[in-house]
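Architecture and fold: a report
What follows is each chain in one-letter form.
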Amino acid sequence: MRDVGKLAATVLEMIGEHIHPGVSTDELDQKCHVFMTEELDCTPAPLNYTNSESQPPFPKSTCTSVNNVVCHGIPSHSKILRRGDILNIDVTLIKNGFHGDTSKMFFVGEPSVLARRLVETTQECMYRGIDTVKPGSTLGDIGYAIQKFAEANRFSVVREFCGHGIGRVFHDAPQVLHYGEPNTGMVLKEGMAFTIEPMINAGKRFVRILPDGWTVVTRDRKLSAQWEHTILVTESGREILTLRDEESHPRVA
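Overview of the structure. (Residues numbered from 1 in each chain as written. Predicted model: local features only at pLDDT ≥ 70, side-chain atom pairs only at ≥ 80, totals over all residues. Heavy atoms only, no water.)

1. So, the sheet that holds strand E6 (residues 156–157)
Pairing in this open sheet of 3 strands is antiparallel, and the strands run E6-E10-E13 from one edge to the other. Only two strands of the sheet have a single neighbouring strand rather than two, namely E6 and strand E13 (224–226). Where E6 lies against strand E10 (residues 199–201), 2 bridges are found, and the strand directions are antiparallel. Of the residues in E10, the one forming a bridge with Ser156 is Asn201. (Pairing = 2+ DSSP bridges. Helix = DSSP H or I, 4+ residues; strand = E, 2+ residues; numbered from the N terminus.)

Listed below in structure tokens is the structure:
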């Protein structure tokens, strides 16, 4: 898990310099795919992934969610980035049977004041959720910390999608909600691994899924942001398995 987590982080570190006005999300996906498969010798978990028989297989190696896309945006040659856009790239790798799942927000040129505040608040929401993780704390503690900070900043928390257990299985129990009450839900124990990946909206929390069966957008068409890390519960606290070198947050606590 540590190995694949570090590799997943390097994909997000690599792709940043390629994000600029005029590039398509499909071009970014192709660069990530080549890097993941040829440079890192990993399998991109999203490619051909499906949750059910009624859902079409996901056709790309990354999720690229722009502006009002909450999550699971499908890279496309027709989706051209414009100055002022905000973009989430979500990466999950498989290496030696284990998964590493992480995502990062990017600015395409200079963002609006609202967009910057939303993106920075969402990242802080994730960190505040992470900071509650230790043996004996609960899943409700994570959700409460995220919800409290998001709503204090006049943003809303998406409730239809959440973090998840991860390891040999991509999406496993437990569900890690990004809202809740302290001291409720599953008690955390050493050795658990799961993602924390809050989706925070500038407007109301409500979302809808587009006809492609994957792309989730805000109903009011307002901006949404998401950050994600894979977390391990340790004997004394937690370890962020997908932390990037650029981050000041401690990897182990």
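2. Examining the pattern of salt bridges
Pairing is possible between side chains that carry opposite charge, provided their charged atoms lie close to one another. Tallied over the entire structure, the rule returns 11 salt bridges. Here Arg128 and Glu124 are joined by a salt bridge, their closest N and O atoms 2.9 Å apart. With Arg128 and Glu124 both in helix H3 (residues 113–130) and 4 residues apart, this pair spans about one turn of that helix. Owing to a relative accessible area of 37%, Arg128 belongs among the partly exposed residues under this scheme. Looking at Glu124, the relative accessible area reads 28%, which means it is partly exposed. One network of salt bridges, with partners in common, ties together Lys104, Arg244, Glu246 and Glu247. (Salt bridge = Lys/Arg side-chain N within 4 Å of Asp/Glu carboxyl O. Buried < 20%, exposed > 50% of the residue type's maximum accessible area, 1.4 Å probe, protein only.)

3. Re the packing of aromatic side chains
All told, the structure shown has 2 aromatic pairs when counted by the stated rule. The ring of Tyr179 carries the charged tip of Arg159 above its face, separated from the ring centre by 4.2 Å. (Phe/Tyr/Trp six-rings, centres within 6.5 Å; stacked < 30°, edge-to-face > 60°. Lys NZ or Arg CZ within 6 Å of the ring centre and 35° of its normal.)

4. Some remarks on the packing of H3 against helix H4 (residues 139–152)
Two numbers describe how H3 lies on H4: the axes approach to 8 Å, and their chain directions differ by 155°. Judged by the angle between their axes, H3 and H4 are roughly antiparallel. Both H3 and H4 take part in a crossing whose hand is right-handed. Facing H3, whose interface residues are Thr121, Glu124, Cys125, Arg128 and Gly129, H4 presents Ile142, Ala145, Ile146, Phe149 and Ala150. The class makeup of the residues in the contact of H3 with H4 is 6 nonpolar, 2 polar and 2 charged. (Axes fitted to C-alpha atoms, helices over the stretch in contact; angles between N-to-C directions. Parallel < 35°, antiparallel > 145°, perpendicular 65-115°, else oblique. Left-handed = near helix turned anticlockwise from the far one by under 90°. Contact = heavy atoms within 4.5 Å. Nonpolar A, V, L, I, M, F, W, Y, C, P; charged D, E, K, R; others polar.)

5. Section: unusual backbone geometry
Residues Ala173 and Pro174 are joined by a peptide bond in cis, for which omega reads 5°. Checked against the element boundaries, Pro174 lands in strand E8 (residues 172–176). Notably, Asn96 is not glycine yet its phi reads approximately 55°, a positive angle. As for its position among the elements, Asn96 is in the loop between strand E4 (86–95) and strand E5 (98–107). One non-glycine residue, Arg221, adopts positive backbone phi at about 65°.

6. Things to note about H4
Taking 1.5 Å per residue, 14 residues should reach 20 Å; H4 reaches 20 Å between its end C-alpha atoms and fits that length. Where burial is concerned, most of H4 is hidden: 10 out of the 14 residues are buried. Buried residues along H4 sit in contact with H3, E6, E8, strand E9 (193–196) and E10. In the segment just after H4, Arg154 is the residue with positive phi, at about 65°. (Expected span 1.5 Å × (residues − 1).)

7. So, the nonpolar core
Core analysis: the biggest nonpolar cluster contains 30 residues, and Val133, Ile142, Phe194, Ile196 and Ile200 have the highest contact counts within it. Secondary-structure elements contributing two or more residues to this core are H3, H4, E9 and strand E14 (229–233). Sequence-distant contacts of Phe194, defined by excluding residues within four places in its chain, comprise Val133, Ile142, His164, Gly165, Ile166, Val176, Leu188, His229, Thr230, Ile231 and Val233. Ranked by size, the runner-up nonpolar core spans 22 residues in total, among them Val11, Val23, Leu87 and Leu93. (Core = buried A, V, L, I, M, F, W, Y, C linked by side-chain atoms within 4.5 Å.)

8. Some points on the side chain of Ser61
Considering the arrangement of structural elements, one finds Ser61 in the loop between strand E1 (43–44) and strand E2 (63–66). Leaving out residues up to four positions away in the same chain, Ser61 has contacts with Asp29, His33, Met36, Pro44, Pro46 and Leu47.

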